[in-house]
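Working through the structure, step by step
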2 protein chains.
Amino acid sequence: MAKELKSLTNREDNYSQWYNDLVMKAGLAENSAVRGCMVIKPYGYAIWEKMQRALDDMFKETGHENAYFPLFIPKSFFSKEASHVEGFAKECAVVTHYRLKNNPDGEGVVVDPDAKLEEELIVRPTSETIIWNTYKNWIKSYRDLPILCNQWANVVRWEMRTRLFLRTAEFLWQEGHTAHETRQEAIEETERMVGVYKVFAEQWMAVPVIVGHKSANERFAGAEDTLTIEALMQDGKALQSGTSHFLGQNFAKAFDVQFANRDGKLEHVWATSWGVSTRLMGALIMAHSDNNGLVLPPKLAPIQVVMIPIYKGEEELKSVSERFNNIASQLKALGVSVKVDARDHIRSGFKFAEYELKGVPIRLAMGPRDMTNGTIEIARRDTLQKETIPQDGIVEHIVKLLDEIQDNIFNKALDFRAEKTTKVDTFAEFKQVLDDKGGFILAHWDGTSETEEQIKSETKATIRCIPIDAVEEDGVCVYSGKPSKMRVLFARSY
Amino acid sequence: MAKELKSLTNREDNYSQWYNDLVMKAGLAENSAVRGCMVIKPYGYAIWEKMQRALDDMFKETGHENAYFPLFIPKSFFSKEASHVEGFAKECAVVTHYRLKNNPDGEGVVVDPDAKLEEELIVRPTSETIIWNTYKNWIKSYRDLPILCNQWANVVRWEMRTRLFLRTAEFLWQEGHTAHETRQEAIEETERMVGVYKVFAEQWMAVPVIVGHKSANERFAGAEDTLTIEALMQDGKALQSGTSHFLGQNFAKAFDVQFANRDGKLEHVWATSWGVSTRLMGALIMAHSDNNGLVLPPKLAPIQVVMIPIYKGEEELKSVSERFNNIASQLKALGVSVKVDARDHIRSGFKFAEYELKGVPIRLAMGPRDMTNGTIEIARRDTLQKETIPQDGIVEHIVKLLDEIQDNIFNKALDFRAEKTTKVDTFAEFKQVLDDKGGFILAHWDGTSETEEQIKSETKATIRCIPIDAVEEDGVCVYSGKPSKMRVLFARSY
């Protein structure tokens, strides 16, 4: 393990290798024997559970209920919404048979050709089709609306180039699917949920995000409008971290879901869907971590405070541990998660490095001299600063410090983003900033898909979003020179 | 909806139809468009979430961590453990392709024959194989042990005859997979987890269970020993509600997982696995419910107390609601989940029936006369008793009553089981009790698979378990007349 710690690649040398090393060595995830599918290891999953809990509470506070819909979707369902099939049904896992049998020609088992399905089943890449086919039976009248369901589930998209958390064939996510009486109510829901995502990203993950509309090119397949939260990673690339779609009446029409409105007339139902996934783990890791390992915001850290006794012999260990256990139980009573690491066969220097790698926000160390002096050594993961302070008042100090670290990590990311956000007015400048500095670029755009495509093919940058708080400003498109009313947000992205 | 309420089939007329009606009409689950796959509706999922939370807390208290392993398992993995492939790989969903394309001959999409997988993937029916293939890389020395992982996941078994919750092609479950240094430690883990299941079944679900060993015939495919909790349903049939397997070194040998032990020698790792599923929902429903609908134990009820104002006009509604909201906020502060149903377009009689159907443990009703008299009507779902009591002290009364209802539901089920458990000493008596009375039968058995098979084919009853607390007692096998040392538990089962 000591060897492994040393071999974390430098972020500045090879960002992508640094990320992979970190995910593996911090015990977050690893590749599995199945191409493109990952194993989420206990420490990684513990962070995901904290994310789930916080999001789930926010969904429930906004009136949503959880439900569960089938993993499999009949192939024909995808063809019902024209743009949806183009966007999703192509790269997917297809179940064609339901039985294996002993290999008549030798060892092992083979697919039984007699057990072919009449209609193939698709492992869900997203669940709009199966859910709207279900909602059809739930909705008769405006009194049955709104339906505000969320599902926590696994989904599969057959990605050719995968990266742990960021792009995997199977991933975990939540997908909200809501049904409404009016266009306006559905639009409000779309906005409400992207707002929930923004609060979660900023207040829990400590990742500042820009909220905006996707351009037509980047919109969800089947949506009238897609709202997104866009985060900036430390290598200057953007990461789309959550989306909320206004689906209009597209799926209601595709699955013939009508309701009797307040005037007694039949009308198609209005829909939204919204989701975040284990991709957020990638955002969390890439937004804050450094060459020593993970940096976790306290609100999502499975261990918030680690305590390491420094000692020689049983007696010293006993007295230091007693003091630590006392502090630990006071902290636990306040809801702080604590680990006392008194493992005897591992040197404390190694433990320090291990918890740095794992991003534990606060580390305490205490030895015989501290016991004599009534002091304790406290180290912050975010700044790597350490100091020796009195044991008196340590509990209050830690509780305050956890908040301070949460704020500091967010503010650091906010400063980084401000520094890496550039207004440009010419295409030459656009390309230069992208190559030299990276980050977000605010530039005028003529509003056409053609221009967006051209810019993408020449620079690999795309429109991340049209920010919802964009200020109207007369200008000309950096690419075409045509008139533009506002700047949009460009970046290279994951 | 009023019509639907009326049409709940009588339990005594057709138990199986009563069950199906109840699951659908109480809003727990329904069949989906995909054969054998169910939709778990919000009210049903809310109960499952409460189960998950309670179990997850108990798993963590016993030192387990959650993780996540791939949905897909390469076909060849199943062939590595001989009895496992016989038990599981046969009836399963097989992914053979990873792409669809537009139909060249017409409408819709078809499977792209060019996108055939080199090796087919099986949608996991259980995860021993993929997990032990992963553990291989996690375990080098005894210092890496134990590994105590649990996974909450969906699994698929291609069942031909399905029933909501009890037997579905896709179901939700948790599967614990642990790795140990010694045989003894693994056996203790197997016992510890079946013990957790027993506590959960009895203290949360209010369902008494018998813990015991499965006979060789009924053992998990790949296990050396399977422990089970067996519950008795109201129709006299048994329901296997959770199992915990001692896997010996079978999977470690199949996947070559060895560790350096304390003597520095290589040894195969010892394993357990254990799981409960959404089948528990079936047990919960069938153990307690009646012809009015669900009866939920308070600890698992999404709504523990429902409050229904009785009123004419705005003013009466306002004064009753104010009083209800006051009681509700006091209850919420004590962790009681409460719903005030002031819907105006629905008659209160209808509301009473609806919450009875949904199994809400306590119903309060209050009208203008109660406001004058300082009284309130309180009804218990378990006994269907109602009484009018003073509003003073109502909060304390409810908190106490919830505990009382939890205990009463459990004791009722316990009494039912005692009444339906019969010791028999001859095969004639065995068959007669099965047909006339049903329930659990305690009988001597000669310990052979042949006898068990014969009894099963003649009576459809199987050995549910060899109870762990069975008392040694000399006797003769009811079927073969051969000597036997203890009685085992027989029943017809789901």
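Just so you know, these numbers come straight off a predicted model, no measurement behind them.

On a plain count of helices and strands, chain A comes out with 15 helices and 26 strands. Here the C-alpha atoms of chain A give a radius of gyration of 26 Å, agreeing with the 23 Å that 2.2 N^0.38 yields for 494 residues. Looking at chain A residue by residue over its 494 residues, the buried ones come to 48%. Long-range contacts, defined as pairs at least 24 residues apart, comprise 67% of the intrachain contacts of chain A with a sequence gap of at least 6.

Taken together, the 53 residues of chain B in the interface contact 53 residues of chain A. Here the side of chain B that touches chain A gets 10 residues from one element, more than from any other, and that element is strand S5 (residues 91-102) of chain B. By residue class, the composition of the side of chain B that touches chain A is 33 nonpolar, 10 polar and 10 charged. Sheet analysis places strand S5 (residues 91-102) of chain A next to S5 of chain B, joined by five bridges and oriented antiparallel. Counterpart to His97 of chain A in the pairing with S5 of chain B is Val94 of chain B.

Further remarks concern the sheet that holds strand S21 (residues 421-423) of chain B. Residue and element names in this part refer to chain B. An order of S3-S8-S9-S15-S12-S11-S10-S23-S26-S22-S21 is seen for the 11 strands of this open sheet, with the pairing classed as mixed. Single-partner strands in this sheet number two, and they are strand S3 (65-66) and S21. As paired strands, strand S11 (residues 225-232) and strand S12 (residues 238-248) are joined by eight bridges and run antiparallel to one another. For Thr228, the partnering residue across the bridge sits in S12 and is Thr243. Sitting on the sheet, helix H9 (residues 279-288) touches strand S9 (170-180), S11, S12 and strand S15 (270-277), and the angle it makes with S12 is about 145 degrees.

As a further point, take the packing of helix H10 (residues 313-333) of chain B against helix H13 (residues 394-419) of chain B. A packed helix pair is summarised by two numbers, namely the angle formed by the two axes and the spacing between the axes. Residues and elements named next belong to chain B. Relative to each other, H10 and H13 sit at 50 degrees, their axes nearing to 10 Å. Judged on the interaxial angle alone, H13 and H10 are oblique. Every pair of crossing elements has a handedness; the one defined by H10 and H13 is right-handed. Touching Ile327, Gln330 and Leu331 of H10 are Ile394, Val395 and Ile398, all from H13. The residue makeup of the contact of H10 with H13, split by class, is five nonpolar, one polar and no charged.

It is worth spelling out the relation of the copies chain B and chain A at this point. Note on the identical chains: chain B maps onto chain A by a rotation of 180 degrees and an axial translation of 0.0 Å, with an RMSD of 0.0 Å. The symmetry that links the two subunits is that of a two-fold axis. Taking C-alpha positions as the reference, the residue of chain B nearest the rotation axis is Val95 of chain B, at 2.1 Å.

The next point concerns the nonpolar core. Among soluble globular proteins, nonpolar side chains are generally buried collectively. Residues Cys92, Met205, Val207 and Ala231 of chain A together with Met205, Val207 and Ala231 of chain B are the most contacted members of the largest nonpolar core, which totals 306 residues. Once you skip the residues sitting within four places of it in the chain, Ala231 of chain A turns out to touch Ala201, Val207, Val209, Ala238, Leu239, Ser241, Ala283 and Ala287 of chain A.

Let's shift gears to the packing of helix H3 (residues 42-61) of chain A against helix H7 (residues 183-204) of chain A. Residue and element names in this part refer to chain A. Two numbers describe how H3 lies on H7: the axes approach to 11 Å, and their chain directions differ by 145 degrees. In this structure, the crossing between H3 and H7 has a hand that is right-handed. On the side of H3, the interface is formed by Ala54, Leu55 and Met58, while H7 contributes Val196, Phe200 and Trp204.

With 20 residues, helix H3 (residues 42-61) of chain B should reach 28 Å at 1.5 Å per residue; the first-to-last C-alpha distance of 28 Å fits that figure. For H3 of chain B, the complete set of buried residues consists of Gly44, Tyr45, Ala46, Ile47, Trp48, Met51, Leu55 and Phe59 of chain B.

Note: strands within a sheet are paired through backbone hydrogen bonds, in either parallel or antiparallel orientation. All names here are of chain B. The strand order S17-S16-S18-S19-S20 describes an open sheet built from five strands, whose pairing is mixed. If you trace the sheet from one side to the other, it starts and ends with strand S17 (338-340) and strand S20 (386-390), each paired once. Adjacent strand axes in the sheet meet at a mean angle of 25 degrees when their direction is disregarded. Strand contacts of H13: strand S16 (305-309), strand S18 (362-366), strand S19 (375-380) and S20, with the helix running at about 150 degrees to S18, the strand carrying the most contacts.

All names here are of chain B. Tracing the sequence through the fold places Ser484 in strand S25 (residues 483-484). Between the C-alpha atoms of Ser484 and Glu472, which are 12 residues apart in sequence, the distance is 9.3 Å. Setting aside residues no more than four positions away along its own chain, Ser484 makes contact with His444, Trp445, Asp446, Gly475, Val476 and Cys477.

Bringing the environment of Ile131 of chain A into the picture now. Residues and elements named next belong to chain A. On the secondary structure map, Ile131 appears in helix H6 (residues 128-138). The class for Ile131 is buried, based on 26 C-beta atoms found within 10 Å. Separated by 120 residues in sequence, Ile131 and Phe251 place their C-alpha atoms 9.6 Å apart.

A word on the pairing of strand S23 (residues 462-467) of chain A. Residue and element names in this part refer to chain A. In this sheet, S23 lies alongside strand S10 (residues 209-213) in antiparallel orientation, the contact comprising two bridges. In the sheet register, His213 faces S23, and the bridge partner there is Ile466. Bridging between S23 and strand S26 (residues 487-491) involves three bridges; their strand directions are antiparallel. Counted as the bridge partner of Ile463 is Phe490 from S26.

All names here are of chain A. Along its sequence, chain A is organised into domain 1 (2-95 + 122-288), domain 2 (303-403) and domain 3 (421-491). Inter-centroid distance (C-alpha atoms) of domain 1 to domain 2 is 39 Å. On the side of domain 2, five residues touch domain 1, which itself brings five residues to the contact. Looking at the side of domain 1 that touches domain 2, its residues break down into four nonpolar, no polar and one charged.

The next point concerns helix H9 (residues 279-288) of chain A. For H9 of chain A, the buried fraction is high: 10 of the 10 residues fall into the buried class. For H9 of chain A, every residue scored as buried is listed here: Arg279, Leu280, Met281, Gly282, Ala283, Leu284, Ile285, Met286, Ala287 and His288 of chain A.

What follows deals with the pairing of strand S7 (residues 116-123) of chain B. By the bridge criterion, three bridges tie strand S4 (residues 72-74) of chain B to S7 of chain B in an arrangement that is antiparallel. Looking at the pairing, Phe72 of chain B lines up with Val123 of chain B of S7 of chain B.

Definitions and cut-offs
- Think of each chain on its own: its residues are numbered from 1, step by step along the sequence as written.
- The order in which chains are written sets their letters, starting at A; the order in which ligands are written sets their numbers, starting at 1.
- Selection of residues for local features in this predicted model requires a pLDDT of at least 70, selection of side-chain atom pairs for listing and counting requires 80 or more, and totals for whole chains, interfaces and linings are taken over all residues.
- By definition, any uninterrupted DSSP run of H or I lasting at least four residues is a helix, any uninterrupted run of E lasting at least two residues is a strand, and each is numbered from the N terminus.
- Radius of gyration: C-alpha atoms only; globule rule: 2.2 Å multiplied by the number of residues to the exponent 0.38.
- Any residue whose C-beta has 12 or fewer other C-beta atoms within 10 Å is treated as exposed, any with 20 or more as buried, and any in between as partly exposed, C-beta atoms being built from the backbone.
- For the purpose of contact definition, each residue receives a C-beta atom placed from its backbone, and two residues are in contact when these atoms lie within 7 Å.
- Residue type decides the class: Asp, Glu, Lys and Arg count as charged, Ala, Val, Leu, Ile, Met, Phe, Trp, Tyr, Cys and Pro as nonpolar, and the leftover types, Gly among them, as polar.
- Strands qualify as paired when DSSP identifies two bridges or more between them.
- As a rule, the C-alpha atoms of each element are fitted with a line to give its axis, helices using only the stretch in contact, and angles between N-to-C directions run from 0 to 180 degrees.
- Convention used here: angles under 35 degrees read as roughly parallel, angles over 145 as roughly antiparallel, angles from 65 to 115 as roughly perpendicular, and any remaining angle as oblique.
- Note: crossing handedness is left-handed where the near helix turns anticlockwise from the far helix by less than a right angle, and right-handed where it turns clockwise.
- Superposition of the copies used a least-squares fit over C-alpha atoms from residues whose pLDDT is at least 70 in both.
- Connectivity within a nonpolar core runs through C-beta atoms within 7 Å, and the core itself is a set of buried Ala, Val, Leu, Ile, Met, Phe, Trp, Tyr and Cys residues.
- What a helix should span is 1.5 Å times the count of its residues minus one.
- Residue ranges assigned to the domains are those given by an automatic or database domain assignment.

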